[in-house]
Amino acid sequence: MIQLRRVGPDQFKAALDTVLAIYTVAMRPPSDQLAGRMAIMRNHATYPHFVCMLAEASEQENQIVGFAYGFHGAPGQWWHDVVRGALQDRAGPRASEEWFGDALEIAEIHVHPDHQGKGIGRRMIHAICEGRPERVAVLSTHDAPTAARHLYRDIGFVDLMTEFVFPGGYENYVIAGTKLPLP
């Protein structure tokens, strides 16, 4: 059985080696990016109103098999500033304020491949969004017909921008958002 456990920044940082291992098998990034990803995740835990859910397999002594986390987006955070500015350029200041003026930014959602397709990601998204004071939740994902993108649409996320390339990157992403609370 998979159980979700809400953890704070200190517990999240203590689990970073395991979290990064799940990220690695789920996303298969180049190995030279892992140290940077670890630093980014550690920094995210310092952001306002950080929330994290760990999915644990109770039959395997509470082995972590998935994680999701987010925080209140604010000026000065790299992703927030880049994406909010791009949305303002594409859709205007009103849309930018609507989606980024009071947002839960969901930074990471990953489930170990051995446990994917069992509703764990969906449960984690609902759990981190539950009871949040923000008006909306926003995230980015690959701009492709992936299982993750299908899941986000099914939950109620709509595309705010497609074919978005982060500065210094080369892959297309979609920026998506949904109103809170989730249905």
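Just above sits the structure.
Okay, so let's go over this structure. A quick note: this is a predicted structure, and the numbers were derived from the prediction, not measured.

The next subject is the overall build of the protein. Helix and strand counts for the protein stand at seven helices and seven strands. Counted from the first residue to the last, the protein has its helices and strands arranged as β-α-α-α-β-β-α-α-β-α-β-α-β-β. The C-alpha radius of gyration of the protein comes to 16 Å, within 12% of the 16 Å expected for a compact globule of 183 residues. Over its C-alpha atoms, taken along the principal directions, the protein stretches across nearly 50 × 40 × 30 Å. Of the contacts formed within the protein by residues at least 6 apart in sequence, a portion of 68% connects residues at least 24 apart. Element-wise, carbon and sulfur atoms account for 51% of the exposed surface of the protein, whose accessible area totals about 9,300 Å².

Right, let's get into the state of the cysteines. All told, the structure shown has zero disulfides when counted by the stated rule. Free of any disulfide, Cys52 has its nearest cysteine sulfur in Cys129, 13 Å distant. Given the relative accessible area of 3%, Cys129 is considered buried.

Right, let's get into the nonpolar core. Residues Ile106, Ile109, Met124, Ile125, Cys129 and Phe157 are the most contacted members of the largest nonpolar core, which totals 26 residues. Mapped by element, the contributors of at least two residues to this core are strand S2 (51–57), strand S3 (63–72), strand S4 (103–111), helix H6 (120–129), strand S5 (136–142) and helix H7 (147–155). The contact partners of Cys129, leaving out residues within four places of it in the chain, are Leu104, Ile106, Ala137, Leu180 and Leu182.

So, about the environment of Asp159. Mapped onto the secondary structure, Asp159 falls in strand S6 (residues 158–164). Dropping the residues within four chain positions of it, Asp159 is found in contact with Arg149, Arg153, Val174, Ile175 and Ala176. A polar atom in the side chain of Asp159 sits 2.5 Å from the side chain of Arg149.

With that out of the way, let us pick up the layout of surface pockets. If you add up the space inside the largest pocket, you get close to 1,700 Å³. For the largest pocket, the lining is made up of 49 residues, of which Met27, Glu108, His110, His142 and Tyr173 are closest to its centre. Elements that contribute at least two residues to the lining of the largest pocket include exactly helix H2 (16–27), helix H3 (34–44), helix H4 (78–91), S4, H6, S5 and H7. Across the lining of the largest pocket, the residue classes break down as 24 nonpolar, 18 polar and seven charged.

Turning our attention to the pattern of salt bridges. Under the defined criterion, the tally for this structure stands at nine salt bridges. Salt-bridge contacts for Glu56 lead to Arg5; the nearest nitrogen and oxygen are separated by 2.7 Å. With Glu56 in strand S2 and Arg5 in strand S1 (residues 2–7), this pair connects stretches of sequence that are 51 residues apart. For Glu56, a relative accessible area of 7% puts it in the buried group. Given the relative accessible area of 34%, Arg5 is considered partly exposed. Residue Arg153 is joined to Asp159 by a salt bridge in which the shortest nitrogen-to-oxygen separation is 3.3 Å. A relative accessible area of 48% means that Arg153 is categorised as partly exposed. Taken together, the shared-partner salt bridges connect Asp143, Arg149, Arg153 and Asp159 into one network.

What counts and what doesn't
Residues numbered from 1 in each chain as written. Predicted model: local features only at pLDDT ≥ 70, side-chain atom pairs only at ≥ 80, totals over all residues. Heavy atoms only, no water. Helix = DSSP H or I, 4+ residues; strand = E, 2+ residues; numbered from the N terminus. Rg over C-alpha atoms; globule rule 2.2 N^0.38 Å. Contact = heavy atoms within 4.5 Å. Areas by Shrake-Rupley, 256 points an atom, 1.4 Å probe, with all protein chains shown as cover. Disulfide = S-S within 2.5 Å. Buried < 20%, exposed > 50% of the residue type's maximum accessible area, 1.4 Å probe, protein only. Core = buried A, V, L, I, M, F, W, Y, C linked by side-chain atoms within 4.5 Å. Polar contact = N/O pair within 3.5 Å; in protein donor to acceptor, adjacent residues only side chain to side chain. 1 Å grid on protein atoms, 1.4 Å probe; cavity = no way out; pocket = protein on both sides within 12 Å on 5 of 7 lines; lining within 4 Å. Points joined across faces, edges and corners; volume = space filled by probe spheres on them. Nonpolar A, V, L, I, M, F, W, Y, C, P; charged D, E, K, R; others polar. Salt bridge = Lys/Arg side-chain N within 4 Å of Asp/Glu carboxyl O.

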